[in-house]
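One-letter residues, chain by chain:
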Amino acid sequence: MSETHAATVSYVRDTMLPPAEAPVTERGAIKWLRENLFSGWLNTLLTLIALYIIFVAVRAVMPWLMNSVWNAASLGECRQIVAAAGEGATGACWAVIRDRWHQYMFGFYPRELYWRPVLAFGLLFVALAPVLYYGNRRAELTLTATAGAFVIAVLFALGTPFGIVAAVTVLMAALLALAWAAPKRLVWVTVFYAPVCYLLLWGGSVWAPVTAIAGFALLAAVFVALQPRVGVPVALGAGLVAAVLWWAYPDATVARALSSILPIGLTAVPSTQFGGFLLAITIGVTAISFSLPLGILLALGRQSNMLIVKALSVGFIEFIRGVPLITLLFTASLLLQYFLPPGTNFDIILRVIILVTFFAAAYLAEVIRGGLAALPRGQYEAADSLGLDYWQAQRLVILPQALKISIPGIVSTFIGLFKDTTLVSFVGLMDPLRGVTQIVRADINWKGIYWEPYIFVGAIFFLMCYGMSRYSMYLERKLRTDHR
Amino acid sequence: MHKTILIGALTAAGLAAGASAAATVDDVKARGELICGSNTGLTGFGAPDANGNWQGFDVALCRAIAAAVLGDPNKVRFVPTTGETRFTALASGEVDVLIRNSTWTFSRDTELAFDFVAVNYYDGQGFMVKKDLGVASAKELDGATVCIQTGTTTELNLADFFKANNMTYTPVNVQDDSQAQQQYLAGACDAYTTDASGLAASRATMADPENHIILPEIISKEPLGPVVRHGDNNWGDIVRWTFYALVTAEEKGITAANVEEVAASSTDPEVRRLLGVEGDMGAKIGLDNEFAKRAIAAVGNYGEIFEANIGEATPIGLARGLNALWTQGGLQYAPPFR
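Residues numbered from 1 in each chain as written. Chains lettered and ligands numbered in written order. Predicted model: local features only at pLDDT ≥ 70, side-chain atom pairs only at ≥ 80, totals over all residues. Heavy atoms only, no water.

A. Looking closely at the pairing of strand S5 (residues 97–103) of chain B. All names here are of chain B. The element S5 is largely enclosed, with a buried count of seven among its seven residues. The pairing of S5 with strand S13 (residues 222–229) spans three bridges and is antiparallel. Note on S13: the bridge partner recorded for Leu98 is Val227. (Buried < 20%, exposed > 50% of the residue type's maximum accessible area, 1.4 Å probe, protein only. Helix = DSSP H or I, 4+ residues; strand = E, 2+ residues; numbered from the N terminus. Pairing = 2+ DSSP bridges.)

B. Seen up close, the domain arrangement of chain B. Residue and element names in this part refer to chain B. Once the domains are mapped, chain B shows domain 1 (22–122 + 223–324) and domain 2 (125–220). Relative placement of domain 1 and domain 2: their C-alpha centres are 31 Å apart. Domain 1 puts seven residues into the contact, and the matching count from domain 2 is six residues. Here domain 1 packs against domain 2, burying approximately 480 Å² in sum over the two surfaces, 70% of which is carbon and sulfur. It is Pro315, Ile316 and Leu318 that lose the most area in domain 1 upon contact with domain 2, and together they represent 48% of the buried surface on that side. Counting across the domain 1 and domain 2 interface gives zero salt bridges. (Domains from an automatic or database assignment. Contact = heavy atoms within 4.5 Å. Buried area = accessible area lost by both parts, 1.4 Å probe. Salt bridge = Lys/Arg side-chain N within 4 Å of Asp/Glu carboxyl O.)

C. Fine view of the packing of helix H15 (residues 307–321) of chain A against helix H17 (residues 348–374) of chain A. Residue and element names in this part refer to chain A. Between H15 and H17, the least distance of the axes is 9 Å, while the angle of their chain directions is 115 degrees. Taken together, the axes of H15 and H17 lie roughly perpendicular to each other. With respect to the hand of their crossing, H15 and H17 are arranged in left-handed fashion. Together, Phe316, Ile317, Ile320 and Arg321 of H15 and Phe358, Phe359, Ala362, Tyr363, Ala365 and Glu366 of H17 make up the contact between the two elements. Residues of the contact of H15 with H17, tallied by class, amount to eight nonpolar, no polar and two charged. (Axes fitted to C-alpha atoms, helices over the stretch in contact; angles between N-to-C directions. Parallel < 35°, antiparallel > 145°, perpendicular 65-115°, else oblique. Left-handed = near helix turned anticlockwise from the far one by under 90°. Nonpolar A, V, L, I, M, F, W, Y, C, P; charged D, E, K, R; others polar.)

D. Summary view of the environment of B:Tyr122. Mapped onto the fold, B:Tyr122 is located in strand S7 (residues 121–123). Here B:Tyr122 is in contact with B:Glu222, B:Pro223, B:Leu322, B:Asn323, B:Leu331 and B:Gln332, once residues within four sequence places are set aside.

E. Structural detail: empty space enclosed by the protein. Applying the stated criterion across every chain, the model contains two cavities of 30 Å³ or more. Quantified by volume, the largest cavity comes out at close to 60 Å³. In this structure, the largest cavity is lined by A:Phe108, A:Ser425, A:Gly428, A:Leu429, A:Met430, A:Arg434, A:Gly435, A:Gln438, A:Ile439, B:Thr40, B:Trp54 and B:Pro80. Among the elements that make up the lining of the largest cavity, the one with the highest residue count is helix H20 (residues 432–442) of chain A (four residues). Per-class residue counts for the lining of the largest cavity are six nonpolar, five polar and one charged. Contributions of two or more residues to the lining of the second largest cavity are made by helix H3 (57–70), helix H9 (233–252) and helix H14 (302–309) of chain B. Here the residues of the lining of the second largest cavity sort into six nonpolar, one polar and no charged. (1 Å grid on protein atoms, 1.4 Å probe; cavity = no way out; pocket = protein on both sides within 12 Å on 5 of 7 lines; lining within 4 Å. Points joined across faces, edges and corners; volume = space filled by probe spheres on them.)

F. How the structure looks around the packing of aromatic side chains. Residue and element names in this part refer to chain A. Overall, the coordinates contain 42 aromatic pairs over all chains when judged by the stated rule. Taken together, a centroid distance of 5.4 Å and an interplanar angle of 15 degrees make the contact between Phe462 and Tyr466 stacked. Highlighted residues: Phe462 and Tyr466, both in helix H21 (residues 451–479), separated by four residues, approximately one helical turn. Overall, Phe462 belongs to the exposed group, its relative accessible area being 52%. (Phe/Tyr/Trp six-rings, centres within 6.5 Å; stacked < 30°, edge-to-face > 60°.)

G. Main features of the state of the cysteines. Applying the stated criterion across every chain yields a total of three disulfides over all chains. The disulfide partner of A:Cys78 is A:Cys93, and the S-S distance across this bridge is 1.8 Å. Across the S-S bond linking A:Cys78 and A:Cys93, the dihedral sits near 75 degrees, which makes this disulfide right-handed. Placement of A:Cys78 in helix H4 (residues 75–83) and of A:Cys93 in the loop between H4 and helix H5 (95–106) is noted, with a sequence separation of 15 residues between them. Of the two residues, A:Cys78 and A:Cys93, both sit in the buried class. Here B:Cys36 pairs with B:Cys62 through a disulfide, and the sulfurs are 1.8 Å apart. The sign of the -45 degrees torsion about the S-S bond sets the B:Cys36-B:Cys62 disulfide as left-handed. Pair noted here: B:Cys36 is in strand S1 (residues 34–39) and B:Cys62 is in helix H3, with a separation of 26 residues, a long-range link. We note that B:Cys36, like B:Cys62, is buried. (Disulfide = S-S within 2.5 Å.)

H. The side chain of A:Thr422, seen in detail. Topologically, A:Thr422 is positioned in the loop between helix H19 (390–420) and H20. Excluding anything up to four places from it in sequence, A:Thr422 contacts A:Asp431, A:Leu433 and A:Phe461.

I. Structural view of the pattern of salt bridges. All names here are of chain B. The full count for this structure, using the stated rule, is 23 salt bridges over all chains. We note a salt bridge from Arg240 to Asp237, for which the minimum N-O separation is 3.0 Å. Of this pair, Arg240 and Asp237 are both found in helix H9, three residues apart, which corresponds to roughly one turn of the helix. Between Glu270 and Lys252 there is a salt bridge; the shortest N-O distance is 3.5 Å. A residue pair is termed long-range when its members are at least 10 positions apart, and Glu270 in helix H11 (residues 269–274) and Lys252 in helix H9 qualify at 18 residues. For Lys252, a relative accessible area of 30% corresponds to the partly exposed category.

J. Focus on the sheet that holds strand S11 (residues 191–195) of chain B. Residues and elements named next belong to chain B. In space, the five strands of this open sheet follow the order S10-S9-S11-S8-S12, with mixed pairing throughout. Of all the strands in the sheet, the pair left with one neighbour each is strand S10 (169–174) and strand S12 (212–214). Across the sheet, the mean angle from the axis of one strand to that of its neighbour is 30 degrees, orientation sign disregarded. Where strand S9 (residues 144–149) lies against S10, six bridges are found, and the strand directions are parallel. Counterpart to Ile148 in the pairing with S10 is Asn173.

K. Structural detail: H5(A). Turning to H5(A), its buried residues are A:Ala95, A:Val96, A:Ile97, A:Arg100, A:His102, A:Gln103, A:Tyr104 and A:Phe106. Count one or two residues on from H5(A) and you reach A:Gly107, which has phi positive near 65 degrees.

L. Quick peek at the environment of A:Val69. Residue and element names in this part refer to chain A. Considering the arrangement of structural elements, one finds Val69 in the loop between helix H3 (41–66) and H4. On the basis of relative accessible area, Val69 is assigned to the buried category, the value being 5%. With 13 residues separating them along the chain, Val69 and Val82 place their C-alpha atoms 7.3 Å apart. Among residues more than four places away in sequence, those in contact with Val69 are Cys78, Ile81, Val82, Ala92, Cys93, Trp94 and Ala95.

Below, the structure written as structure tokens:
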């Protein structure tokens with residue numbers, strides 16, 4: 001074909017031209033700029049204005065950051081060092097963070113015991129691994145290994161005694177081995193994390209958490225024994241009654257008896273010593289983990305056909321949602337003291353945790369109800385037609401779908417809850433943002449410092465909330481089963 | 001886990017509900033610890049240092065009471081209270097005594113059912129302005145913008161002062177002291193008003209203290225003192241006389257360093273009664289006779305506490321002023337120990 005062609009027409013190119021490069025305005029950075037920043041006179045104008053604002057902001061902030069002072073004993077010393085940089089120079093005084101970082105992290109927690117909250121924090125991620133990355137062995141391993149490495153590195157940096165570091169290393173290695181060999185078993189770490197964490201943070205006798213667990217064991221035993229005969233709700237109720245009776249009467253006595261026989265435990269640390277991010281994370285994590293199940297129950301209760309259950313759920317949700325969190329915190333801090341007889345010492349952190357949990361649960365209930373409402377009626381009918389009872393249907397068909405729909409809302413509520421923990425400063429607890437900062441400023445050396453503590457605390461909050469947000473996006477991607 | 005404590009507490013509450021409240025001093029002795037309502041952090045008056053040890057002018061009085069009642073100035077638990085929670089914390093029994101620069105006013109004393117047992121610091125509201133404003137008296141502040149903390153008595157005092165002098169002002173509301181200072185330095189207001197002690201502390205920590213002046217007018221009376229609940233007069237007596245023991249000690253020249261020596265050698269009958277060498281002063285308020293001696297030995301006399309925490313040798317640099325002894329033209333006047 002081409003030969004004929006070549007024979008008949010004299011001017012035919014026999015080689016392909018190499019593709020020419022696109023014009024300079026249609027490729028690379030220039031194309032991107034033209035399309036995104038300068039695609040018309042209005043956009044060009046807006047871009048230029050934005051650039052100018054950025055320039056002004058950077059020009060204002062950069063010298064302040066560039067002249068940062070890290071080593072100084074007081075704000076006055078910081079000012080001297082900054083002044084040495086030139087006439088009218090401004091500079092950030094991060095020395096305050098260097099001097100007081102431990103109070104921002106741990107409050108007044110005894111310095112020699114810092115390893116306990118650090119270990120509890122590390123174990124938190126090991127305990128979360130099976131929850132966050134269920135069935136993803138590699139992710140679980142990575143998380144466990146990271147948590148272990150983090151704890152050991154921090155303990156070294158804190159100058160913890162060698163014996164403790166060695167013991168923690170062995171523990172973390174054992175957990176890593178467990179995660180590698182039998183990832184499913186890691187769930188047991190999750191189950192027993194709460195009492196272990198309590199023991200690590202507050203210390204005291206080992207037996208208090210042990211006998212408390214015995215209450216849950218009793219609950220489980222009663223439930224398992226009765227459930228086939230009387231069904232889920234009654235068995236659960238009976239189990240709860242048994243457990244409450246155990247906690248109310250013999251629990252404390254048994255714990256005391258056991259500790260007098262075998263007194264083992266850790267140095268007790270009272271709640272008044274808690275502060276900073278230790279306090280924020282303790283309140284946040286506890287409230288998050290307890291509010292999710294409570295919120296699910298409330299959402300189901302609100303949809304229930306049983307009048308009393310429904311009325312109670314609606315009443316609870318509407319009441320708690322209708323009241324500002326500050327009011328609830330003041331209730332926790334002040335009113336409860338009036339209701340309880342004088343001399344009753346009901347831990348303030350516990351009171352705050354309970355009310356923050358209620359608050360988050362009420363919001364979560366509505367978020368989850370949104371997920372339930374989004375499910376087509378057919379899903380409920382399909383579950384019924386399979387012969388599943390109410391709890392089976394919820395567990396196997398309804399909730400997995402409803403919760404998946406609600407993920408962004410749930411995580412959003414969690415992030416809000418975590419940030420709301422800073423409000424506890426209004427009841428005299430030392431939250432990192434206001435409580436600790438106020439203490440730091442009360443020191444004559446640091447009085448007058450303003451932006452640095454806020455920036456530092458804000459940055460850490462941002463990291464944590466951003467982490468939660470990224471995780472929620474990962475989870476949404478992982479659970480996406482539709483074919484959009 | 002947490003449930004256990006909740007239920008335990010509720011049960012304990014149920015059991016204890018019938019029993020009447022014991023006297024505060026017995027509670028403190030049984031507990032082996034004084035619970036002192038303190039500030040969440042106020043320079044010089046009460047704040048924890050980098051190691052978590054509470055220090056300050058108000059804190060020293062808490063320690064003196066602990067030394068008097070329990071024999072150990074360190075057996076104190078400080079409960080930080082905010083402006084909103086302080087009186088409820090005291091009324092509900094969460095704290096034994098509130099020493100948190102609280103102003104003694106009629107309604108707090110009567111309506112809230114508290115007793116202000118003494119005045120450990122006479123404060124008053126003042127103004128700070130920049131020197132280049134060219135103002136030498138608060139009476140010249142007509143038309144000024146003033147930075148003022150919301151929800152405090154200072155806000156009311158300010159309104160009263162300007163009204164009484166037929167002047168106008170524009171308030172710039174701020175949330176706390178640090179914000180006030182920030183706004184004032186940024187030029188958001190011409191004058192910054194709060195208690196004179198607070199102004200002095202703020203000025204001391206500014207980059208250019210020489211460019212700011214505190215105006216001579218003090219526009220309010222702020223007698224700050226320890227507060228106890230109505231109805232437990234014995235406990236009120238203990239707090240009151242522990243404080244007056246410190247004042248008397250200054251008057252008599254007794255210091256933390258020489259208290260033992262004075263007790264052994266003094267022939268002044270009032271000193272001998274104060275330090276428990278003779279008489280039974282302590283027994284009359286349910287303590288032992290050496291309560292005052294222990295308090296003085298633990299924290300020093302009133303003047304020593306003042307100088308160590310807020311006095312002219314510290315960066316805050318407050319003059320004694322109204323808080324000098326009555327013999328030196330001040331208002332600190334302890335009733336006689338007899």
